[in-house]
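What the coordinates show
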Amino acid sequence: MFKHPLFTKLAALTAITVLLLFGLGLIEDVVRDRLRYRSITAQSVAESLAGPQTLMGPMIHSACVESWDEEVGKGDERRMVERRREFILTAMPEQLKLTTGAAMEERARGLHKVNTYNLKANVTAQWGSLASLLPQSSMKNSRMHCGAPIVMMAVGDARGIRTAQFTMGSQALALKPGTFHPTYSRGLHAVLPESVRGKADGLTATLDLELVGTERLAIVPLGGNTEVLMTSSWPHPSFAGRFLPSEREVKKTGFSAQWRLSSLATTAQADIANGKRICLGADEGSDYAHSGATPGDCADSFSVAFIDPVNPYSLSDRATKYGVLFIALTFVAVGLFELMKKLRVHPVQYLLVGSALCSFFLLLVSLSEHLPFGISYAVAASACVLLLAYYASHMLGGLTRGVPLGAGIALLYGLLYVLLQLEQTALVVGAIALFLVLAAVMVLTRKVNWYGLSQGGTPPRPTMPPVQRTAAPRAEAA
């Protein structure tokens, strides 16, 4: 049975399929290398410009030292030793309002592009009573010394600060780099007069900040009530973190999002007072992120990523995952022509057809580095469809057979493009399309005698054994 030409051809097609799968694997490796190069490009831009940014503040803090004398030793060795306790007093705003607008700027390294943004933020913070800045002695007869109150604004990467102006009431504050905070050290600060310590009626401060960053912006909801309004011309935001916006509107021309948070819903104030780090994930290169951090180790925050959903490398990577399906469906189509029209197609011809299908994915990723993805897809698909239709016309014995095969492959490319554009419904559309193809194959082959193909003829039908009939005894002649 295994010497039958049908099984020999099936074995040859299996070997060809394995060889083509190996080729697809090499193409996938090329796409992954390009994705890795793009990641390196993003890191390079972040190192040269500024990385993902985090806004935390404003808040007021004051570093204090409590010292006291303690008697140690006994007898002649008794002496007085000074003990010290260092701590930080903080005052969080009761009302915090941020209005931000992000203008996107595209940066490139060679063929790879990275989304950066120029953020203009107006931050208004209102404090109530500043009694939390009054130090409390923990030891009797201790001596207390506190540094001047400092109002600070922390950012993820201080290199991104372009301009900043801090005003308190109608008075402009002199800004200096750094925050003098042991945990959130990058940012800016202004020294406040000692008279604000313990102030009962509070104060209001306004910060106008221009900040540049790469790909992501995070905000810590530090106020007792925090309201954030963010607008941008980027139409593809990705909201993440501990809180999603309460209101958002995404259009082709950009997006607007608004967050309204209460300290009843977030532990950000306590997290920052206790020195918890702001963890945004290791891939974002935040100075505040640390390895092995769990959600309980991180301060509450929310973020917006300015993603590119039509990234040619990610789309090409998704497309190559359908390569096996393309090869299988095309081989089935050629096999149906061979079966229904009683043709003979050599395994080498199958190999050439499969190689043309594989070349599409390599053409796609290479062209998309220089052209928009849609144009690259159309050029690569058109080239492969024309080549396959031309070759199939000679392989199958005429244009009336080659053109329908080319049209079917063009339909497959069109379906793949639709699947790449879909995000939420790609699975259901792909499953329905695959079911329809399977149904069409079953309908076309419903009358095929598969036994005849494998045995070289129609199998004998079971017959009833012959009936033994006995002749009736003849009457003896009288």
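Our structure is the block above this text.
Residues numbered from 1 in each chain as written. Predicted model: local features only at pLDDT ≥ 70, side-chain atom pairs only at ≥ 80, totals over all residues. Heavy atoms only, no water.

So, on to the overall build of the protein. When helices and strands are counted, the protein shows nine helices and 17 strands. Split into buried and exposed, the 478 residues of the protein put 41% on the buried side. Within the protein, contacts between residues at least 6 apart in sequence are counted, and of these 75% link residues at least 24 apart. Just so you have it, the protein exposes about 26400 Å², and 59% of that area is on carbon and sulfur atoms. (Helix = DSSP H or I, 4+ residues; strand = E, 2+ residues; numbered from the N terminus. Buried < 20%, exposed > 50% of the residue type's maximum accessible area, 1.4 Å probe, protein only. Contact = heavy atoms within 4.5 Å. Areas by Shrake-Rupley, 256 points an atom, 1.4 Å probe, with all protein chains shown as cover.)

On the basis of which strands lie adjacent, the open sheet formed by eight strands has the order E8-E7-E11-E4-E3-E13-E16-E15 and mixed pairing. One side of each edge strand has no neighbouring strand; the edge strands of this open sheet are strand E8 (171-173) and strand E15 (247-251). Recorded for the sheet is a direction-independent mean angle of 15 degrees between the axes of neighbouring strands. (Pairing = 2+ DSSP bridges. Axes fitted to C-alpha atoms, helices over the stretch in contact; angles between N-to-C directions.)

Inspection of the entire model under this criterion finds 17 salt bridges. Measuring nitrogen to oxygen at the nearest pair gives 3.0 Å for the salt bridge that ties Arg 143 to Glu 82. Taken together, the residues span a long stretch of sequence, with Arg 143 in strand E5 (residues 143-146) and Glu 82 in strand E2 (residues 79-91) at a distance of 61 residues. With a relative accessible area of 35%, Arg 143 lands in the partly exposed category. For Glu 82, a relative accessible area of 45% gives the class partly exposed. Put simply, Glu 28, Asp 29 and Arg 32 are held in one network by salt bridges that share partners. (Salt bridge = Lys/Arg side-chain N within 4 Å of Asp/Glu carboxyl O.)

Moving on to a nonpolar patch on the surface. A cluster of nonpolar side chains, contributed by Val 428, Ile 432, Phe 435 and Leu 436, occupies part of the molecular surface with about 420 Å² of accessible area. On the basis of relative accessibility, which here comes to 53%, the residue Leu 436 falls in the exposed class. (Patch = residues over 30% accessible without salt bridge, like charges linked within 9 Å, V, L, I, M, F, W, Y side chains within 5 Å.)

Inspection of every chain in the model, using the stated rule, returns eleven aromatic pairs. Consider the rings of Tyr 377 and Tyr 417, whose centres lie 5.0 Å apart with planes at 55 degrees: the pair is tilted. Taken together, the residues span a long stretch of sequence, with Tyr 377 in helix H6 (residues 373-395) and Tyr 417 in helix H7 (residues 399-421) at a distance of 40 residues. A relative accessible area of 28% means that Tyr 417 is categorised as partly exposed. Aromatic rings pair up to connect Tyr 117, Phe 239, Phe 255, Trp 259, Phe 302 and Phe 306 into one cluster. (Phe/Tyr/Trp six-rings, centres within 6.5 Å; stacked < 30°, edge-to-face > 60°.)

Here the focus is the pairing of strand E6 (residues 150-155). Across the six residues of E6, six count as buried, placing the element largely inside the fold. Across five bridges, the pairing between strand E1 (residues 53-72) and E6 is antiparallel. Note that in E6 the partner of Ile 60 across the bridge is Val 151. Where E6 lies against strand E10 (residues 187-191), five bridges are found, and the strand directions are antiparallel.

Moving on, we get to the packing of helix H5 (residues 347-367) against H6. Two elements in contact, H5 and H6, have axes whose closest approach is 8 Å; the angle formed by their N-to-C orientations is 165 degrees. With respect to H6, the axis of H5 lies roughly antiparallel. Once H5 is placed against H6, the crossing between them reads as right-handed. Residue-level contacts link Gln 349, Leu 352, Val 353, Ala 356, Leu 357, Ser 359, Phe 360, Leu 363, Leu 364 and Leu 367 of H5 to Phe 373, Ser 376, Tyr 377, Val 379, Ala 380, Ala 381, Cys 384, Leu 387, Leu 388, Tyr 391 and Met 395 of H6. Split into classes, the residues belonging to the contact of H5 with H6 amount to 18 nonpolar, three polar and no charged. (Parallel < 35°, antiparallel > 145°, perpendicular 65-115°, else oblique. Left-handed = near helix turned anticlockwise from the far one by under 90°. Nonpolar A, V, L, I, M, F, W, Y, C, P; charged D, E, K, R; others polar.)

At a minimum axis distance of 10 Å, the contact between helix H3 (residues 312-320) and H7 shows a crossing angle of 130 degrees. As summarised for this structure, H3 and H7 are arranged oblique, according to the angle between their axes. The hand of the H3/H7 crossing is right-handed. Taking contact as the criterion, the partners of Leu 315, Arg 318 and Ala 319 in H3 are, on H7, Leu 416, Leu 419 and Leu 420. Class assignment for the residues of the contact of H3 with H7 results in five nonpolar, no polar and one charged.

Now for the state of the cysteines. Overall, the coordinates contain one disulfide when judged by the stated rule. Paired by a disulfide, Cys 64 and Cys 146 hold their sulfur atoms 2.1 Å apart. Between Cys 64 and Cys 146 the sulfur-sulfur dihedral comes to about 110 degrees; the bridge is accordingly right-handed. Here Cys 64 is found in strand E1, whereas its partner Cys 146 is found in strand E5, with 82 residues between them in sequence. Overall, Cys 146 belongs to the buried group, its relative accessible area being 17%. Of all cysteine sulfurs in the structure, the one in Cys 384 sits closest to Cys 358, which takes part in no disulfide; the separation is 9.8 Å. (Disulfide = S-S within 2.5 Å.)

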